[in-house]
Every structure is written in structure tokens, then in C-alpha cells.
Amino acid sequence: MPDQNAPTTTGLTTESATLAGELFGDGVGTQAGPPAVPAAGTGTAGQAAPGAHSHGGATPTGSPAERFTSIDPDAFGVPTGREETWRFTPMKRLRPLLDGAPSDAHLTWTTDLPEGVELTSVEVGDPLLKGLPEPVDRLAALARQRSGGAAVVRVAKEAQLGRPVTLGLAGSGSEDVVWGHLVIEVGAFAKATIVLDHSGLARYAGGVSVLVGDSAQVKLVSVQDWAPGAVHGGQYDAVVGRDATFTQVVVTLGGDLVRLVSNVQYAGPGGSAELFGVYFSDETQHQEHRLWVDHAVPNCSSDVLYKGALQGEGARTVWIGDVRIRPAATGTETYELNRNLVLTDGARADSVPNLEIETGEIVGAGHASATGRFDDEQLFYLCSRGIEAETARRLVVRGFFADVVQRIGLDALQDRLMAAIDERLGALPALDEQPVEVS
Amino acid sequence: MSVLEIRDLHVSVGEGDDAKEILRGVDLTVRSGETHAIMGPNGSGKSTLAYSIAGHPKYTITGGSVTLDGEDVLAMSVDERARAGLFLAMQYPVEVPGVSVSNFLRTAATAIKGEAPKLRTWVKDVKSEMEALEMDPAFAERNVNEGFSGGEKKRHEILQMRLLKPGIAILDETDSGLDVDALRIVSEGVNRTREEGDVGVLLITHYTRILRYIKPDFVHVFVGGRIAEEGGPELAEKLENEGYAAYAKGSGETAA
């Protein structure tokens with residue numbers, strides 16, 4: 001796809017290449033083996049490597065060091081904000097989470113569970129939890145440690161859900177940090193859509209672990225429609241089974257600070273992951289999305305598309321897209337794209353795609369990043385059809401978001417999100433008419 | 001009844017010392033019911049003329065005038081020009097992600113007509129025009145120009161011309177990149193508009209191929225940023241046989 005947004009220097013940081021040492025942190029050693037007890041019913045997804053936790057001596061292989069993971073918060077030390085993984089985050093505003101005490105505070109859950117879905121919970125020490133990918137930073141480790149087990153959404157194997165699983169997660173305004181962990185376990189050959197709909201005021205550190213069974217098709221939608229002042233940090237992990245498809249759509253609109261780390265690993269060959277996201281940062285909002293796709297088995301694909309818009313003084317977004325193709329991951333196909341639309345002065349978007357390729361036998365790998373103002377050619381095209389500049393501008397921005405939002409595939413939710421975006425853009429006079437279908 | 005009058009038009013691109021004059025005094029009058037072909041070699045300024053009339057911000061008018069029915073086109077914004085009755089079918093239509101064709105067409109029609117077209121007749125109009133251009137109905141739900149083939153983009157341009165019913169239509173190399181079937185379909189769309197009403201057409205092309213389908217009343221040879229020769233349809237035949245070589249020799253320096 002050609003870049004239509006001529007990159008400008010406005011608030012733009014694009015680092016096309018980062019040193020491997022910087023990228024992969026200080027972790028050493030090779031990946032740990034499969035956990036002793038695989039999660040039941042998911043096939044290979046339950047046997048996921050839980051990440052690098054071994055502290056054996058480094059073997060000089062020429063490969064980048066492993067990303068450090070641990071369930072022990074203290075193994076990470078207390079971040080100062082100078083670390084690679086924290087350097088974009090306003091630490092002062094994150095302190096309420098990092099310094100938060102253990103608590104019994106929780107979000108108010110409103111659930112819609114179609115037939116074939118079980119919502120349950122497991123205690124600390126449950127074998128299911130031991131097999132999950134480990135936290136990659138201190139905040140995620142704190143959440144794992146303090147969540148006191150996990151809520152578990154289980155979709156039986158071969159289940160074909162008639163409607164999405166919806167978990168409305170609302171903050172009550174408490175100053176206590178809510179520590180949470182949600183495990184979504186989808187059995188082999190099942191097809192499920194899960195919507196996490198965050199709203200209200202909260203300080204929330206929540207992990208989400210998704211186990212996608214062999215040949216399952218799972219779509220996870222996470223909406224951050226928080227009230228002003230909310231702080232949300234979370235690590236999302238997906239373990240994609242053999243020939244399975246995982247689609248994640250992240251929509252971040254509200255809150256004071258939202259920092260989501262999404263990791264994908266493949267438990268067997270033939271897996272496919274699509275990671276889509278939209279974010280809209282207004283005055284002073286900090287929205288940070290970090291992605292890490294680890295291709296370690298053959299013939300898997302990943303497709304990343306994140307689009308963000310910024311308006312107002314102090315609006316800030318960060319997008320980090322790391323993709324690693326390990327030597328064993330032949331036949332990999334990966335592409336990642338981040339595009340940011342800077343609507344006003346005083347906003348800043350950082351965009352850092354990183355691609356590590358350790359085998360030449362791949363189908364394709366690429367990334368692109370562009371941050372800029374309006375596309376003048378798009379505006380000219382619309383105006384040349386009689387559409388006023390202001391309406392054209394809104395159409396372009398609306399379309400910019402709709403491009404990703406329409407991938408959710410749930411009309412009611414899409415309409416709600418587009419309405420929320422419209423509200424922030426101002427009314428669209430020419431679009432107040434009812435939508436027209438021509439068919 | 002519309003009259004587009006271009007008088008001694010001078011246009012440059014770039015700013016300051018980098019400014020470069022592309023159009024060097026263009027005179028042309030297009031009236032309703034007339035079809036003018038502008039033919040010329042690459043770099044002669046044909047597309048610059050089209051984009052300048054439409055108001056593309058890249059081009060600076062340094063002299064001359066353009067009026068539509070006596071109104072000063074150059075004083076109008078891009079959207080005002082369209083609402084006044086000018087239409088430009090672009091050579092390279094732009095992708096607009098996330099905006100569906102049906103939404104775009106209706107928004108444009110609403111802007112041009114000053115009110116939203118009646119839903120029932122509008123849907124019928126769009127449907128029948130798409131059928132006539134041999135476009136799949138699913139096309140309406142795709143995003144504007146996104147992933148369109150070259151032929152689909154040009155059909156989409158002509159579809160807009162059919163629905164927006166301009167007084168003056170400028171077709172900028174609408175024939176480029178089209179196979180014979182697509183060229184026929186697109187040409188028939190243009191001819192329907194010519195037969196139905198009072199449209200004036202300015203057909204910009206490098207090749208004479210499209211003129212076998214759309215018969216011009218006047219042919220202008222464009223070289224070095226101005227019109228080098230004018231005549232009737234017979235001039236196109238001459239160009240078909242002899243090419244532009246004779247003009248290039250005489251014009252001295254040509255615009256890039």
C-alpha cells in the first residue's frame with residue numbers, strides 16, 4: 001500500500017530499526033520448555049512455551065537475547081522510566097498503578113454468555129495459570145500476583161457461538177487499584193467472539209490470556225471507553241494453536257492513561273493472527289500500544305494494523321510493533337502498519353516498528369509507519385465533488401477510523417464506537433441522513 | 001446552457017526560485033453540447049490545465065482568467081467550482097479508506113444539489129447507472145477507490161459524472177490503462193451524458209483511440225503549455241498518422 005500521508009515532522013518519531021539488544025532487553029538463555037500440565041481441551045495451545053524464564057548462561061548464537069519474563073514482580077525491579085519498555089510512558093501518571101497496594105477492589109461485571117460458554121474462576125496455583133505466557137514487565141507481574149487467581153471464560157471445543165461473549169467491565173470510581181486476570185480458553189475447532197467492554201472510572205491493572213485451540217477461530221475485541229481520569233495497564237497474551245485464527249481488535253478512546261501490551265505466540269504451525277487497533281487521543285490523554293509477535297514455528301502469519309488520531313494540547317500516543325521471525329519459523333508471512341493522523345498542534349505520536357528476521361525462507365515480511373496531517377489529495381478529491389472542506393475533513397477522519405472499526409464485525413458495537421468518534425469530531429452535517437444501502 | 005471560457009491562462013508549480021511555468025497562455029471556450037478533445041504529448045501541460053480548472057492547490061495561477069457563465073472560477077474554492085457545475089474525472093483517483101462508495105456518492109449529490117436526494121429515486125438512479133456501466137452492485141459498499149482496478153476507478157469516475165450531472169465535464173486521460181471493453185463501457189457512459197443534455201465535454205487524451213468512441217467537435221493540439229493548432233475531427237486523424245513530432249520540433253522548449 002502506498003503511503004498517502006506524506007510523512008511530516010509533526011510529532012513524528014519513527015525508528016525503523018532498533019538495536020537488537022535494545023529490542024529484546026536483558027533476558028538471557030533459551031526459551032523454557034512446555035509446562036508440565038497442558039491446559040485441557042486446547043490441544044497445542046495449552047502447551048505453549050511460557051516465555052523465557054531460564055537464567056542459564058547465554059549461548060552466543062548471533063540471535064537477539066530473549067525477552068525477559070517472570071511471574072515475580074521483583075525480578076523486574078522498580079522501573080524508573082529510562083528503561084526501553086517504559087521510556088515513552090509518563091511514569092508519574094502510572095505510579096498509582098505501580099505503587100498501588102493489593103486490594104479487593106473489582107470492576108462491576110455485566111455478562112452476556114451465549115450457550116456453549118462457561119464463566120468460572122481458578123485459584124492461585126491452578127495448573128491452568130502455570131501454563132500461561134508470563135508477564136513481561138513489573139506492572140503485569142503485579143497484576144498476575146495480586147489478582148488472586150483468574151476469571152476463566154471457557155468455550156467448549158467445536159462450539160459455534162450464536163452471538164458474542166460480552167463482558168462489560170465497569171469501574172466504580174474507587175481509588176484502590178483493581179488487579180485482575182482473565183483467561184479465555186477456546187477449545188479446538190470452536191468459533192467465538194469475545195468482547196471486553198471497559199467503562200467508568202478505575203485504576204485497573206488487568207491481564208488477559210487467550211488460549212486459542214487448534215483450528216479454532218477467535219476474535220477478541222477490547223474497548224477502552226473509560227471515563228476521564230481512568231488509568232489502565234494490561235498485558236494481553238494470545239497463544240495460537242495449530243491452524244487457528246486469532247483476531248484482536250483494540251479500541252482505545254477514553255481514560256487518562258491506557259497502556260496495553262499485546263503479545264502473540266504460536267503453539268503450532270499454520271496459525272494466523274490479526275492485530276487491529278484504533279486509538280483517539282484528546283488533550284492530555286496518553287495511549288500506548290505495544291505489540292510483540294513471536295514467530296517461532298513454521299507457516300504462520302501475522303497482520304498488524306493500528307490507526308490513531310490525535311487532537312488537542314498534550315495528546316500523546318505511542319505505538320511499538322515488534323515482530324520476530326525465529327530461525328525455525330520458515331514460511332512466515334507478516335506485515336505491520338501504523339498510521340497516525342495529527343489533527344492539531346501540540347500533539348505527539350511515536351511510532352516504532354521493529355522487525356527481526358532470522359531466516360530467509362519466509363513468504364514475506366514488511367512494515368510501514370506514517371504520521372502526518374490530513375491527506376491533501378483525499379481532501380481535494382472529495383471537495384472536487386462539491387463536498388465542503390469541513391465535511392470532507394470529517395469524512396476522511398471518520399473513514400480513517402471506520403477502516404479498522406468495521407473489522408470488528410458487530411454492527412451495534414461498531415455503530416456505538418463510530419458515534420463516540422463522531423461526537424469527538426463534531427457533528428457531520430452531510431451524514432446525519434440515514435445510511436443508504438445500494439444493493 | 002454553460003460556457004467555460006479560459007483566457008490567456010498562465011499556471012506554474014513550485015514556489016520562489018523553484019517555480020516553473022507549465023501553462024503559457026491558454027485560450028479555450030467550451031460550450032454546452034460541444035465536445036473538445038485536447039491532445040498532446042506527455043508533459044505538454046494537459047493535466048495541469050484540468051487540475052488548474054478544478055482548483056488543485058498544487059498549481060498557482062499567475063495570469064489570465066477562467067469563467068463559467070461569466071462567474072470567476074479562479075475566485076471559487078474547489079467545492080464551489082463543483083457546485084457551480086464543473087466536474088473533473090481524474091486520471092489517478094484517490095483512495096479514501098473507510099468511506100463507502102454509496103456514502104460518498106450520496107454526500108456528493110447532497111452537496112451539489114443543495115439537499116439530500118430522495119432516497120427512493122436516488123437508490124434507483126445509482127442502481128441503474130451502475131448497471132449501465134456494468135458495475136457489480138457490491139461495488140457500492142466498497143471503500144472509495146480502495147483496491148479498485150484501473151478500469152473500476154475510471155468507471156467510478158464516470159458513474160459520478162452521470163449522477164452529479166455537471167454543466168462542464170473535464171475527462172483527464174479517462175482512456176489510459178483501459179482495455180477495449182472497459183474503454184467501450186466508459187465511452188458509452190460519456191456519450192449517454194452528451195446525448196441527454198447540455199453538457200460540455202473537455203476530453204484530455206494522449207491517444208486517438210478514445211476518439212473512435214467519443215466523436216469530438218473540436219480538436220486542440222497542446223504543446224509546450226499552449227494550444228499549438230486547432231481544428232475539427234480531421235485533425236485527430238492527422239495526429240493518428242503523423243504523431244506529435246512536427247509540433248515538438250517547432251515549439252522549442254517543452255514543459256516537463
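Residues numbered from 1 in each chain as written. Chains lettered and ligands numbered in written order. Predicted model: local features only at pLDDT ≥ 70, side-chain atom pairs only at ≥ 80, totals over all residues. Heavy atoms only, no water.

**Topic: the overall build of chain A**
Stage number 1. Helix and strand content of chain A: seven helices and 17 strands.
Stage number 2. When burial is assessed residue by residue, chain A has 58% of its 439 residues classed as buried.
Stage number 3. Long-range contacts, defined as pairs at least 24 residues apart, comprise 86% of the intrachain contacts of chain A with a sequence gap of at least 6.
Stage number 4. Entry remark: accessible area of chain A is about 16400 Å², with carbon and sulfur atoms responsible for 50%. (Helix = DSSP H or I, 4+ residues; strand = E, 2+ residues; numbered from the N terminus. Buried < 20%, exposed > 50% of the residue type's maximum accessible area, 1.4 Å probe, protein only. Contact = heavy atoms within 4.5 Å. Areas by Shrake-Rupley, 256 points an atom, 1.4 Å probe, with all protein chains shown as cover.)

**A word on the overall build of chain B**
Stage number 1. A count of helical and extended segments in chain B gives eight helices and twelve strands.
Stage number 2. Against the 2.2 N^0.38 benchmark of 18 Å for 256 residues, chain B shows a C-alpha radius of gyration of 18 Å, consistent with a compact globule.
Stage number 3. Seen through its principal axes, chain B has C-alpha atoms that stretch 55 × 40 × 35 Å.
Stage number 4. Among the 256 residues that make up chain B, the fraction classed as buried is 56%.
Stage number 5. Sequence-distant contacts, at least 24 apart, represent 71% of the contacts inside chain B between residues at least 6 apart.
Stage number 6. Summed over its atoms, the accessible surface of chain B is roughly 10700 Å², and 48% of this surface lies on carbon and sulfur atoms.
Stage number 7. Distance between charge centres in chain B, computed from 29 positive and 41 negative side chains, equals 4 Å. (Rg over C-alpha atoms; globule rule 2.2 N^0.38 Å. Lys, Arg positive; Asp, Glu negative; His and termini not counted. Charge placed at Lys NZ, Arg CZ, Asp CG, Glu CD.)

**A look at the confidence of the model for chain B**
Residues and elements named next belong to chain B.
Stage number 1. Considering every residue of chain B, the mean pLDDT works out to 92; 96% of them sit at 70 or more.
Stage number 2. When mean pLDDT is taken per element in chain B, strand S6 (residues 86-89) scores highest with 98 and helix H8 (residues 245-251) scores lowest with 68.
Stage number 3. Predicted confidence for residues 252-256 stays below pLDDT 50, and this span has seven contacts to residues more than four positions away or in other chains.
Stage number 4. For this predicted complex, the interface confidence comes out at an ipTM of 0.95, alongside a pTM of 0.76. (pLDDT = per-residue confidence, 0-100.)

**With respect to the pattern of salt bridges**
Stage number 1. Within this structure, the stated rule accounts for 37 salt bridges over all chains.
Stage number 2. Measuring nitrogen to oxygen at the nearest pair gives 2.6 Å for the salt bridge that ties Arg416(A) to Asp197(A). Of this pair, Arg416(A) sits in helix H7 (residues 411-425) while Asp197(A) sits in strand S6 (residues 191-212), placing them 219 residues apart in sequence.
Stage number 3. Put simply, Glu229(B) and Lys238(B) hold a salt bridge, and the shortest N to O gap is 3.5 Å.
Stage number 4. With a relative accessible area of 28%, Glu229(B) lands in the partly exposed category.
Stage number 5. The structure contains a network of salt bridges with shared partners spanning Glu66(A), Asp294(A), Arg324(A), Arg326(A) and Glu358(A). (Salt bridge = Lys/Arg side-chain N within 4 Å of Asp/Glu carboxyl O.)

**Points about the interface of chain A and chain B**
By a widespread convention, an interface's size corresponds to the accessible area lost as its parts come together.
Stage number 1. Facing 29 residues of chain A, the contacting portion of chain B comprises 45 residues.
Stage number 2. Here chain A meets chain B over a buried area of about 3000 Å², counting both sides, of which 64% is carbon and sulfur.
Stage number 3. Inspection of the region where chain A meets chain B yields one salt bridge.
Stage number 4. For Glu157(B), the salt bridge is made with Arg385(A), and the minimal N-O distance between the two is 2.6 Å. (Buried area = accessible area lost by both parts, 1.4 Å probe.)

**Re the sheet that holds strand S10 (residues 200-205) of chain B**
All names here are of chain B.
Stage number 1. Here six strands make up an open sheet; going across it, the order is S6-S9-S10-S3-S11-S12 and the pairing mixed. Each of the sheet's edge strands pairs with one partner strand only, and the pair in question is S6 and strand S12 (226-231). Mean inter-strand twist for the sheet, computed between neighbouring axes without regard to direction, equals 20 degrees.
Stage number 2. Sheet topology note: the S6/strand S9 (residues 168-172) ladder contains four bridges and is parallel. Bridge assignment links Ala 89 to a residue of S9, and that residue is Leu 171.
Stage number 3. Relative to the sheet, helix H5 (residues 150-164) contacts S6 and S9, its axis offset from that of S6 by approximately 165 degrees. (Pairing = 2+ DSSP bridges. Axes fitted to C-alpha atoms, helices over the stretch in contact; angles between N-to-C directions.)

**As for the confidence of the model for chain A**
Residues and elements named next belong to chain A.
Stage number 1. A residue-level look at chain A finds 82% of positions with pLDDT of 70 or above and a mean pLDDT of 86.
Stage number 2. Contacts of residues 46-59 to residues separated by more than four positions or lying in other chains number 39 contacts, the stretch itself having pLDDT below 50.
Stage number 3. Low confidence marks residues 427-439, where pLDDT is under 50. Its contacts with residues over four positions away, or in another chain, come to 33 contacts.

**Structural notes on the packing of helix H6 (residues 389-405) of chain A against H7(A)**
Residues and elements named next belong to chain A.
Stage number 1. Following both chains from N to C, one finds H6 and H7 inclined at 150 degrees, their axes separated by 11 Å at the closest point. Compared by their axis directions, H6 and H7 come out roughly antiparallel. Where H6 crosses over H7, the handedness of that crossing is right-handed. Of the residues in H7, those in contact with Arg 394, Val 397, Arg 398, Phe 401, Ala 402 and Val 405 of H6 are Gln 414, Leu 417, Met 418, Ile 421, Asp 422 and Leu 425.
Stage number 2. Looking at the contact of H6 with H7, its residues break down into eight nonpolar, one polar and three charged. (Parallel < 35°, antiparallel > 145°, perpendicular 65-115°, else oblique. Left-handed = near helix turned anticlockwise from the far one by under 90°. Nonpolar A, V, L, I, M, F, W, Y, C, P; charged D, E, K, R; others polar.)

**Considerations on the packing of helix H2 (residues 91-98) of chain A against helix H4 (residues 138-146) of chain A**
Think of two packed helices as two axes; the pair is described by the angle between the axes and how far apart they sit.
Residues and elements named next belong to chain A.
Stage number 1. The N-to-C vectors of H2 and H4 enclose an angle of 20 degrees; their axes lie 11 Å apart at closest approach. One finds that H2 runs roughly parallel with respect to H4. The handedness of the crossing between H2 and H4 comes out as left-handed. Counted together, Leu 94, Leu 97 and Leu 98 of H2 and Arg 138, Leu 139 and Leu 142 of H4 form the full contact between these two elements.
Stage number 2. Of the residues assigned to the contact of H2 with H4, the class counts are five nonpolar, no polar and one charged.

**Some details on the packing of aromatic side chains**
Stage number 1. In this structure the tally under the stated criterion is eight aromatic pairs over all chains.
Stage number 2. Aromatic side chains Phe380(A) and Tyr51(B) sit 5.9 Å apart centroid to centroid with 35 degrees between the ring planes, which places their arrangement in the tilted category. Pair noted here: Phe380(A) is in helix H5 (residues 376-383) and Tyr51(B) is in helix H1 (residues 46-54), and the two residues belong to different chains. The residues Phe380(A) and Tyr51(B) share a single accessibility class, namely buried. (Phe/Tyr/Trp six-rings, centres within 6.5 Å; stacked < 30°, edge-to-face > 60°.)

**Some remarks on the nonpolar core**
Stage number 1. Counting residues in each nonpolar core, the largest one holds 87 residues, and the members touching the most others are Leu4(B), Ile6(B), Leu49(B) and Leu171(B).
Stage number 2. With near-sequence residues (within four places) excluded, Ile6(B) lies in contact with Val26(B), Asp27(B), Leu28(B), Leu49(B), Ile53(B), Ser65(B) and Val66(B).
Stage number 3. Grouped together as the second largest cluster of nonpolar side chains are 52 residues, Ala151(A), Ala202(A), Val218(A) and Val264(A) included. (Core = buried A, V, L, I, M, F, W, Y, C linked by side-chain atoms within 4.5 Å.)

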